Amino acid sequence: MKSLIAFWNILKKDIKNYYLKPPNISWGIIFPLSWSLMQLIRSPGKNILELLPGLMAMSILFGTTSMLAVTITFERSGRSFERLMLAPISLNLMLLAKIAGTIIFGMFNAFVPIVFASFFIDLKGVNFGIILPAVFMIALSSALMGLMIAVSAKQVFEAQTFSNFFRFPMLFLCGLFIPISDLPVFLRPISYCLPLTYGADILKGAITGVNIFSPVLSFCMLLFFSVALFLISKHNINRKWVL
Amino acid sequence: MLAVTNLTKTYGDFTAVNNISFEVQKGEIFGFLGPNGAGKTSTINMMIGLARPTAGEILINGIDAIKQTKKAQSIMGIVADESNLYNEMDGFDNLCFCAALYGMEKSERETKARHLLEEFRLKDAGKRPFKAYSKGMKRKLTIAAALIHSPQILFLDEPTTGIDVESSRQIRKMIVALKEQGTTVFLTTHYIEEAERICDRIAFIANGQIVASGTTSELMDSVSHAHAIRFVTSKSAENITAELKNNFKGSKVAVQGDNTFIMESEERISLLPVMNFLNDKGIDVYEAKELRPSLEDVFVKLTGIESSELKRDDKKGGRK
């Protein structure tokens, strides 16, 4: 019960304090929103469905990584993060609370392109039963990638810059805008090592009905990436933050 | 309450804390006095779980603080050397949030937060964002946040550094009041007067090692066994110093200024014979004061560090 109180209050504080911080607004909301609008206006009609998985994945990726960079690096630079480290709650629980706020932010962002798309096209054929868990898993793995980045950065701008080294190449290598089969042979193995490749593939399947992996495999891969990223981040936190 | 045994912390080749041991009794204020870089923060960080000891043992109320860090943290209140609450939140919300981290129920944490705001004279600022607080107010709220869960032991790292005199005074009063309520206090400081004024026992730390520890009197006695009295008289005693020495065997007499002299002896000096002697010589005694070394003198003698080093730290700390 005590742990739940702590978990809920960390989550609530992050939502209240950080959702509307400038880096979150610019990278987490305005950037995906303007990209969505640009693509949707440029490609009215039938192409919107094909664009939707990419726009959703991008919104989640940018939203979650920005949010985590903000919540962790802001608090670390002001040393308020020490309060969480010194509280009698486990590191796992504290990180889960931080990640939960980020996942909610990422999931909210994911549905922005869907809302826009619904003004232009009929979304009846979209399998929302698959989309919802897929959005959650993409948000989870992206949030954990954001955590790994945030652990290495000291300032918000540093975290955002560092994030872009991962975010932009990932967008072009995950098969959303360029099919993996059209990528140069030497880049394809990298695509298969990116969590977004599997997340985007589930979204594609749920929205357009075309995917290259089985959804079960993709969900398993996302889970695998999430566990691995969590363990790496936790190891780095223990190594870097508890001296 | 707190037992530290052979505690060591190294960072690569650098030894920040070198095999220190000490104990803090329940309900006492224990001061860790030393200049910046002496190892104070490294020691406190190991005790609160922000740094891993290279060697040694830390027991807090019987809990192994190294192996059971979270359990130990549940009975600690911690005030870092910087006021580290959340700038975006107001004073009341900050206190409630800190209480929630210790699993306190909503009604309990709100009642306690209101009570602490009142006690720390921050009631009117309770709804102002933390970032709008003055340095002194920030420090007080940070201490209040550390007390929200009624800890058994309070760790204070440089509690009055960088804040105004009035706030420093209030904080020192609060620390003493906490001790009276039964809270054990471990505080680090580089202010000699602060340590002397509020601590029951003090440890001098320099270059990662505890040079001496004890009560103020014990520390003073450890460096000086001589007794000295300063006399302020109606006339100069310059002409009678030899006679004084002859009459009071084993005494040294040093004239200081026109009408002042200091008499020093290994034995305690009985005042009446000296006063009678001076009276016979037609000299009135206006003042006789026993001279004891100050804690600053003791610190300098024991650590070899000039007090100016501490004062330089004082300026770095930005104390007004």
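These numbers were taken from a predicted model, which means no experiment stands behind them. (Residues numbered from 1 in each chain as written. Chains lettered and ligands numbered in written order. Predicted model: local features only at pLDDT ≥ 70, side-chain atom pairs only at ≥ 80, totals over all residues.)

Some words on the interface of chain B and chain A
Contact residues are listed per partner, giving 23 residues for chain B and 21 residues for chain A. Elements that contribute at least two residues to the side of chain B that touches chain A include exactly α2 (69-73) and α3 (91-101) of chain B. Residue contributions to the side of chain B that touches chain A peak at four residues, all from α3 of chain B. Of the residues contributing to the side of chain B that touches chain A, the split by class is 13 nonpolar, six polar and four charged. (Contact = placed C-beta atoms within 7 Å. Helix = DSSP H or I, 4+ residues; strand = E, 2+ residues; numbered from the N terminus. Nonpolar A, V, L, I, M, F, W, Y, C, P; charged D, E, K, R; others polar.)

Re the domain arrangement of chain B
Interfaces are often described in size by the accessible area the parts lose on coming together. By the assigned domains, chain B splits into domain 1 (2-221) and domain 2 (225-291). Computed over C-alpha atoms only, the centres of domain 1 of chain B and domain 2 of chain B are separated by 46 Å. (Domains from an automatic or database assignment.)

Notes on the sheet that holds strand β12 (residues 251-255) of chain B
Residues and elements named next belong to chain B. An order of β12-β13-β11-β14 is seen for the four strands of this open sheet, with the pairing classed as antiparallel. Each edge of the open sheet carries a strand with a single partner, namely β12 and β14 (285-291). Pairs of neighbouring strands in the sheet enclose a mean axial angle of 20°, with direction left out of account. (Pairing = 2+ DSSP bridges. Axes fitted to C-alpha atoms, helices over the stretch in contact; angles between N-to-C directions.)

Brief notes about the pairing of strand β8 (residues 184-189) of chain B
Residues and elements named next belong to chain B. Burial of β8 is extensive: six of the six residues sit out of reach of the surface. Of the two faces of β8, both are covered, the one formed by Thr-184, Phe-186 and Thr-188 as well as the one formed by Val-185, Leu-187 and Thr-189. Here strand β3 (residues 29-33) pairs with β8 via five bridges, running parallel. By the bridge assignment for β8, Phe-32 is matched with Thr-188. Here strand β7 (residues 153-157) runs beside β8; their pairing, made up of five bridges, is parallel. Paired with Leu-156 across the two strands is Leu-187, which belongs to β8. In this view, the connection linking β7 to its parallel neighbour β8 by way of helix α6 (residues 165-180) has right-handed handedness. (Buried ≥ 20, exposed ≤ 12 C-beta atoms within 10 Å, placed from the backbone. Right-handed = clockwise from strand over helix to strand, strands pointing away.)

Comments concerning helix α6 (residues 128-152) of chain A
Between its first and last C-alpha atoms α6 of chain A spans 36 Å; for 25 residues at 1.5 Å apiece the expected length is 36 Å, and the two agree. Of all 25 residues making up α6 of chain A, 18 are buried, and the element is well covered by its neighbours. (Expected span 1.5 Å × (residues − 1).)

With respect to the sheet that holds strand β4 (residues 55-60) of chain B
Here we have four strands laid out as an open sheet, ordered β2-β1-β4-β5 (chain B), and antiparallel in their pairing. Of all strands in the sheet, those with a lone pairing partner are β2 (14-24) and β5 (63-64) of chain B, marking the two edges.

Digging into the packing of helix α9 (residues 195-208) of chain A against helix α10 (residues 215-240) of chain A
Residue and element names in this part refer to chain A. The geometry of α9 relative to α10 is characterised by a closest axis approach of 9 Å and an angle of 145° between their N-to-C directions. The way α9 lies across α10 gives a crossing that is left-handed. Across the interface between the two elements, Pro-195, Tyr-198, Gly-199, Asp-201, Ile-202 and Gly-205 from α9 touch Pro-215, Ser-218, Phe-219, Met-221, Leu-222 and Phe-225 from α10. Considering only residue class, the contact of α9 with α10 consists of eight nonpolar, three polar and one charged. (Left-handed = near helix turned anticlockwise from the far one by under 90°.)

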